[in-house]
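Geometric and topological summary
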Amino acid sequence: MSKGFKSNVIIMVLLILTIGVITLGIKNDKKARAKDIEDVKIYEAKNTASAKKPGESTNKKADKEKEDTLDVYGKLQSGKDIKILVVGDSIGKSLGKTKDDAAWDVKVKKLIEDKYKNKCTIENISEDSAIAYKGYSEIMKNDIKDFDLAIVCFGGSDQYVTTKDQFSGTYEAVIRQLKKKNAKGEIITVLENTMENKDFVDIIKDVSKNYNLDMMDGIAAYNDSPLSKKDMLADKLHPNDKGYEVYANAIYKIIEKNVDAKKTVNKELQKAKNVDADSFDNFNFVTKYDSNDGFDFKDDAVISTKDSSEINYKTSASKVGISYLDMQGGGNIKVYVNGRFVKTIDTSSDRDIKKAKLVADNLKGENTIKIRSNGKTVKVFGIMTN
């Protein structure tokens, strides 16, 4: 064997050994790095857990379930987001304000967010000149139930266009339906500064007391304000920007007081004060009639510009209402039950306002409801029954 051949063999052996050592080193290095990464993950997990605030859960599903059981005051105590529903009339809509951020509900939202560092969402379904029956129909028709707090503002219009017995039943029906749709939802009632009829004032106070609801007394708030009533009014009835600030502060104080007191919302539904209130349970919104002579279907309503156009609908309901539009140049709607005239509704207005009115109650057996136009434009969205 030559010397050169021996040298080549030695070199090859050394090369193989070198490669083997390097390969083994790489494998060991990978294992070491993997262990280091695992150690880092364990360390971070431990530190993340220890860095959490006392009582803070690492289980998101459990947190969500817990949040779902919180009422509005529990959510505010925890800095959670809340949803507020406003249902009411022109004051609920802040008619008389000069700018959007002067609305009382917008001001309440800002006060809550500034104090509790959360997000407050407002859904306002109030309508100009609305009565409690209109609010009830909107709650039922739209199946409204996603709220933490509902603020109810009715009475100002009711006192002029409904009887006290009708208001007593429909106002309590609004409260009961909100409670039935969302047992853990809080309700605050508003006694508007425009209330003049003592019977209607007493109904709002009595219903609020019966359901253990806080009532924001707008009359007292105005009387207690250092401002004169003239300085708080946009017209003879509606508050102006300063007046709505009085509303906002008074409502916010109720909320703040209840959060501080750690109040919990009573989920039980009390017995109805007015036996008629539960008769509003089975709501039905009718847009298909038994007969139609002269009304034209357009979008979500029937319209007539002719004289004596008629809609007829047979029902065994004890209560019947009509959803219609007030508008410029609007005509009269005449309502008949079994051919007997019961009511005229004037739909003329300086602006479009969607309204609802109870036209017949305490009916027995099957009855035929007739709606007749008078020649001017009449727009009807539907007939409402229980």
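It should be emphasised that the depicted structure is a prediction, and the values quoted were computed from it without experimental measurement. (Residues numbered from 1 in each chain as written. Predicted model: local features only at pLDDT ≥ 70, side-chain atom pairs only at ≥ 80, totals over all residues. Heavy atoms only, no water.)

Here we look at the overall build of the protein chain
Counting its regular elements, the protein chain contains 10 helices and 16 strands. The proportion of buried residues among the 386 residues of the protein chain is 45%. Excluding contacts between residues fewer than 6 apart, the proportion of contacts in the protein chain whose partners are at least 24 apart in sequence is 78%. Approximately 20,700 Å² of the protein chain is accessible, and the part contributed by carbon and sulfur atoms is 51%. (Helix = DSSP H or I, 4+ residues; strand = E, 2+ residues; numbered from the N terminus. Buried < 20%, exposed > 50% of the residue type's maximum accessible area, 1.4 Å probe, protein only. Contact = heavy atoms within 4.5 Å. Areas by Shrake-Rupley, 256 points an atom, 1.4 Å probe, with all protein chains shown as cover.)

Some details on the nonpolar core
Val152, Tyr171 and Leu178 are the most contacted members of the largest nonpolar core, which totals 38 residues. At the level of secondary structure, the elements contributing two or more residues to this core comprise β1 (82–88), α5 (132–141), β3 (149–153), α7 (164–181), β4 (186–191), α8 (198–210) and β14 (353–360). Every residue in contact with tyrosine 171, bar those within four places of it in the chain, is listed here: Ala132, Val152, Phe154, Thr189, Ile204 and Val207. Grouped together as the second largest cluster of nonpolar side chains are 32 residues, Leu76, Val108, Tyr222 and Ile254 included. (Core = buried A, V, L, I, M, F, W, Y, C linked by side-chain atoms within 4.5 Å.)

Observations concerning the packing of helix α4 (residues 104–116) against helix α10 (residues 241–260)
Packing of α4 against α10 brings their axes to within 8 Å, and their N-to-C directions diverge by 40°. Classified by the angle their axes make, α4 and α10 are oblique. Considering only the axes of α4 and α10, their crossing is right-handed. Facing Trp104, Lys107, Val108, Leu111, Ile112, Lys115 and Tyr116 of α4, the residues of α10 in contact are Asp241, Tyr244, Glu245, Tyr247, Ala248, Asn249, Ile251, Tyr252, Ile255, Glu256 and Val259. Residues belonging to the contact of α4 with α10 are distributed by class as follows: 12 nonpolar, one polar and five charged. (Axes fitted to C-alpha atoms, helices over the stretch in contact; angles between N-to-C directions. Parallel < 35°, antiparallel > 145°, perpendicular 65-115°, else oblique. Left-handed = near helix turned anticlockwise from the far one by under 90°. Nonpolar A, V, L, I, M, F, W, Y, C, P; charged D, E, K, R; others polar.)

Focus: the packing of aromatic side chains
Evaluation of the coordinates by the stated rule reveals eight aromatic pairs. With 5.1 Å between their ring centres and 75° between their planes, tyrosine 136 and phenylalanine 280 make a pair best called edge-to-face. Residue tyrosine 136 is located in helix α5, and its partner phenylalanine 280 is located in the loop between α10 and β6 (284–286); the two are separated by 144 residues in the primary sequence. Of the residues examined, tyrosine 136 reaches a relative accessible area of 2% and is grouped as buried. (Phe/Tyr/Trp six-rings, centres within 6.5 Å; stacked < 30°, edge-to-face > 60°.)

Observations concerning the sheet that holds strand β7 (residues 291–293)
With respect to topology, five strands assemble into an open sheet ordered β7-β10-β15-β12-β13, the strand pairing being antiparallel. Looking at strand neighbours, the two that pair on one side only are β7 and β13 (340–346), the edges of this open sheet. In this sheet, neighbouring strand axes are inclined to one another by 15° on average, regardless of whether the strands run parallel or antiparallel. Pairing between strand β10 (residues 307–315) and strand β15 (residues 367–374): seven bridges, direction antiparallel. Directly across from asparagine 312, in β15, lies its bridge partner lysine 370. (Pairing = 2+ DSSP bridges.)

Here we look at the confidence of the model for the protein chain
Low-pLDDT stretches of the model should not have their predicted coordinates read in fine detail. Predicted confidence across the protein chain gives a mean pLDDT of 88, with 82% of residues reaching 70 or more. Within the model, the stretch residues 40–55 combines pLDDT values under 50 with two contacts to residues more than four positions away or in other chains. (pLDDT = per-residue confidence, 0-100.)

Side note on the environment of tyrosine 313
Position of tyrosine 313 among the secondary structure elements: in strand β10. Overall, the relative accessible area of 13% leaves tyrosine 313 in the buried class. In this structure, the C-alpha to C-alpha distance between tyrosine 313 and threonine 368, residues 55 residues apart in sequence, is 5.5 Å. Residues in contact with tyrosine 313, not counting those within four places in the same chain, are Asn284, Val286, Lys288, Tyr289, Asp290, Asn367, Thr368, Ile369, Ile383 and Thr385.

Structural notes on the side chain of lysine 179
Within the secondary structure, lysine 179 is located in helix α7. Lacking a salt bridge, the buried lysine 179 has glutamate 186 as its closest oppositely charged neighbour, with an N-O distance of 5.2 Å. Within polar-contact distance, the side chain of lysine 179 engages the backbone oxygen of asparagine 266 at 3.1 Å. Aside from chain neighbours lying at most four places away, what touches lysine 179 is Gly185, Ile187, Val265, Asn266, Glu268 and Leu269. (Lys, Arg positive; Asp, Glu negative; His and termini not counted. Salt bridge = Lys/Arg side-chain N within 4 Å of Asp/Glu carboxyl O. Polar contact = N/O pair within 3.5 Å; in protein donor to acceptor, adjacent residues only side chain to side chain.)

Description of the packing of α5 against α7
Interhelical geometry of α5 versus α7 gives an angle of 25° and a closest axis separation of 8 Å. In terms of their interaxial angle, α5 and α7 are classed as roughly parallel. Handedness of the crossing formed by α5 with α7: left-handed. Across from Ala132, Tyr133, Gly135, Tyr136, Ile139 and Met140 in α5, the residues of α7 making contact are Phe167, Thr170, Tyr171, Ala173, Val174, Gln177, Leu178 and Lys181. Split by residue class, the contact of α5 with α7 holds 10 nonpolar, three polar and one charged.

Notes on the pattern of salt bridges
Inspection of every chain in the model, using the stated rule, returns 21 salt bridges. Here aspartate 148 makes a salt bridge to lysine 75, at a shortest N to O gap of 2.9 Å. Taken together, the residues aspartate 148 in the loop between α5 and β3 and lysine 75 in helix α3 (residues 72–77) connect sequence positions 73 residues apart. The burial state of aspartate 148 is the same as that of lysine 75; both residues are buried.

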